[in-house]
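Below are the chains, spelled out letter by letter.
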Amino acid sequence: ETTRLAREKDVAARTPEATLTERMRLWAAKGYATERYRVDGHRDSGWDDLVERAHALYDPDRAVQEDEASRSYEEAVRRGCRDGMVHYRLAVCRHTLGDLLRARDAYRSALSFLPERYPDSAYVLCAEAALGQLARNEGRLDVALEHFRRAVRGDMAVRDVREIIPDLEEDL
C-alpha cells in the first residue's frame, strides 16, 4: 500500500496567512522536500544526489543555512537543474549569507520554475515577498509594491504583507 503524498491544494486554513503557514509546514517536515522532489521535481542523474543532499541539510528554522546545502544547490543549478524549490532554497541560502544580488537572481529563477512543478506552492508568494523586501531596502518602492501585491492572493498571503502595501502606496 502506498501512502498518498500530501499536496498544498489539500491544505487550507481559516485565513490566507494561516493557509500559507500550513502549506509551508508541509515542506518543513523531515523528508517531505526530498519525497516531493522524487515525485514532481525536475530530476536528472546529473544532479539528483546533490539536490537530495541539500534538501536533507536545509533547515527552514535556521537563520543561516549550512554551507554544504548552499554548495549542493549551487552545483545542481550549475548542472542544469530547473526545479523551482531548488532555486528557492538556493535563494534563501544566498540571502541568509548576505549575498543579496545572487539571492535576487535565484528568487527570480524560482518564480519562473515553481509554478511548473509545484503550482500551489506557498514559496511562490514567499519569493515575491523576499524580492519585495530586497527592493524596499534598496529604495525601489514601486518595484517593492508590485512584488508585495503578488505575495497576496485569494487563498494565501505572506504574513504582514497586507499591512506593508498601504504604507508603500502612501509613500509613493
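Residues numbered from 1 in each chain as written. Predicted model: local features only at pLDDT ≥ 70, side-chain atom pairs only at ≥ 80, totals over all residues. Heavy atoms only, no water.

(A) Molecular detail of the pattern of salt bridges. Enumeration according to the criterion identifies 24 salt bridges in this entry. Notably, a salt bridge pairs Arg53 with Glu68, separated by 3.1 Å at the nearest N-O pair. A residue pair is termed long-range when its members are at least 10 positions apart, and Arg53 in helix 3 (residues 48–57) and Glu68 in helix 4 (residues 67–78) qualify at 15 residues. Take Arg53: its relative accessible area is 38%, and that puts it in the partly exposed class. Of the charged contacts, one joins Glu75 and Arg78 as a salt bridge, the two residues approaching to 2.5 Å between their closest N and O atoms. (Salt bridge = Lys/Arg side-chain N within 4 Å of Asp/Glu carboxyl O. Helix = DSSP H or I, 4+ residues; strand = E, 2+ residues; numbered from the N terminus. Buried < 20%, exposed > 50% of the residue type's maximum accessible area, 1.4 Å probe, protein only.)

(B) Examining the packing of aromatic side chains more closely. Taken as a whole, this structure holds six aromatic pairs when the rule is applied. Seen from their ring centres, Trp27 and Tyr123 are 6.1 Å apart, and the 85° between their planes marks the pair as edge-to-face. Linking Trp27 in helix 1 (residues 16–28) with Tyr123 in helix 7 (residues 122–137), this pair joins segments that are 96 residues apart in sequence. Here the two residues Trp27 and Tyr123 agree in accessibility, since each one is buried. For the ring pair Tyr58 and Tyr73, a centre distance of 6.3 Å and an interplane angle of 70° mean the geometry is edge-to-face. Of this pair, Tyr58 sits in the loop between helix 3 and helix 4 while Tyr73 sits in helix 4; the two residues are 15 residues apart in sequence, bridging distant segments of the chain. (Phe/Tyr/Trp six-rings, centres within 6.5 Å; stacked < 30°, edge-to-face > 60°.)

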